[in-house]
Amino acid sequence: MRKHVSLAAAAVTAAVFLATGSAGVAAPPQSEPVTLADGLVGPLHASAGRDGSVTVSESFAGRLTRIGSDGAKSVLYSDPAWDVAGSGERRGTTYFAESQGAGPFDDRPLAGHIRSIQEDGTQRTFGDFAALETEENADGGEHYGFKDLPDACLAQLPPEVPAAYNGDVDSHPYGIAVAGRTIYVADAGANSVVSVDIRSGETETVAVLPSQPYRITSEVASTLKLPDCVVGRTYAFEPVPTDVAVGPDGWLYVSVLPGGPEDPALGARGAVYRVNPDNGRVRLFADEVMSPTGLALDDDGDVYVASLFGEGVLRIDGDSRKRTVLAGVLTADVALEDSTLYATVDALPAANQPPNGRLVSVDLDGHSRH
């Protein structure tokens, strides 16, 4: 029941995605999104440029692709040996995270950093996430699993379910936000938000996200093949930060998957948190979000969340927290530029089908925001 920080394994089938999603969501608008590009291989991340282009991480192919306003594709970077993750742009330079050695099924040494590509093609790597995590183990003091489970019950747990443990040394830089001379990184392995100084490459833990508690019901115990003695007890799952954005209030907004099953089997357990970048204070913004894997904010403080296994893109009003479904299925990430929302959809291939992810756009001026 520990997290699996691949976040979206290619073997997941389309049948998983037919869940109902979060409760209390308004009806979707009638207009359809416009497809800008298709044939994308695992488009798990997207960032928008001011020139109308969108940079997409084709994560299953290990490449970074820029899609022009006319839909034309150009490969900015390609290396299948690395997990190419979230990206951002500042003054003509593209920044993105890449990593190796994340997750329980990867025996490669832990490695991760930020890579930058200037307009003339010059590349640079900086920010050693593995070194930071090895030194600090950001969530090493956090408790996960059950508390005070009787020995007789412990003996009945399946071997793949850890009864109780503290955070391991792990790092998987996933989503990023470029803010001036600082890059904020959602580290899905370390369960933290990390800041990286663009000039010096210095890394620093900003905050550790809280564990995600879940009360085990009899139905869940049966589904997960757990003994009856855990029914009614709370299991503290690991948080899995997937994306980070800077809000108009200056706080960081972080989408968090719950550890354990990534599909909707246990319901809508994801969340969005606000993090004060100055002191690391963490506040809950929205809970009961189905599989939030990416987010973006507008100038009004409304949050747009990619709900991968839910109904698509959720818009969460910054004041009322009212939720509206905008568009998409299998939505992995969202990006905003002016009044245009971009989303990567169909991000995971169905069983025995070739990848065919799409980048779509939605004109927000055509939808009521409140």
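The structure displayed is predicted, hence computed values, not measured ones.

Cut-offs applied
- Residues numbered from 1 in each chain as written.
- Predicted model: local features only at pLDDT ≥ 70, side-chain atom pairs only at ≥ 80, totals over all residues.
- Heavy atoms only, no water.
- Buried < 20%, exposed > 50% of the residue type's maximum accessible area, 1.4 Å probe, protein only.
- Helix = DSSP H or I, 4+ residues; strand = E, 2+ residues; numbered from the N terminus.
- Pairing = 2+ DSSP bridges.
- Salt bridge = Lys/Arg side-chain N within 4 Å of Asp/Glu carboxyl O.
- Axes fitted to C-alpha atoms, helices over the stretch in contact; angles between N-to-C directions.
- Contact = heavy atoms within 4.5 Å.

Novice: Please clarify how the pairing of strand 17 (residues 212-215) should be interpreted in this entry.
Specialist: Regular strands have side chains that alternate between both faces of the sheet. Side chains of strand 17 alternate between two faces, with Gln 212 and Tyr 214 buried and Pro 213 and Arg 215 left unburied. Strand direction decides the pairing type here: strand 17 and strand 18 (residues 234-237), joined by four bridges, are antiparallel. Within strand 18, the residue paired with Gln 212 across the bridge is Phe 237.

Novice: In this structure, what is going on with the pattern of salt bridges? I would like to understand it.
Specialist: Proximity of charged atoms lets side chains of opposite charge pair with each other. Counted according to the given criterion, the structure contains six salt bridges. Note that Arg 50 and Glu 337 form a salt bridge whose closest N and O atoms lie 3.6 Å from each other. Within this pair, whereas Arg 50 is found in the loop between strand 3 (43-48) and strand 4 (54-58), its partner Glu 337 is found in strand 27 (residues 333-337), the two being separated by 287 residues in sequence. Judged by relative accessible area, which is 15%, Glu 337 ranks as buried. Among the salt bridges present, the one from Glu 98 reaches Arg 115, with a minimum N-O distance of 2.7 Å. With Glu 98 in strand 8 (residues 93-100) and Arg 115 in strand 9 (residues 111-117), the pair connects residues that are 17 residues apart, well separated along the chain. Given the relative accessible area of 0%, Glu 98 is considered buried.

Novice: When you look at the sheet that holds strand 15 (residues 192-197) in this model, what are you seeing that I'm missing?
Specialist: Backbone-to-backbone hydrogen bonds pair the strands of a sheet. The strands run either parallel or antiparallel. Strand order in the open sheet made by the four strands is 13-14-15-16, with antiparallel pairing throughout. The sheet is open, and its two borders are formed by strand 13 (173-179) and strand 16 (203-208), each paired with just one other strand. Between one strand axis and the next, the sheet turns through 25° on average, direction left out of account. In this structure, strand 15 lies alongside strand 16, joined through five bridges in antiparallel fashion. Its bridge partner being in strand 16, Ser 192 is matched across the sheet by Val 208. The strands that helix 1 (residues 129-136) touches are strand 13, strand 14 (182-187), strand 15 and strand 16; relative to strand 16, the one it contacts most, it runs at about 60°.

Scope: geometric values only; no functional claims are made or implied.
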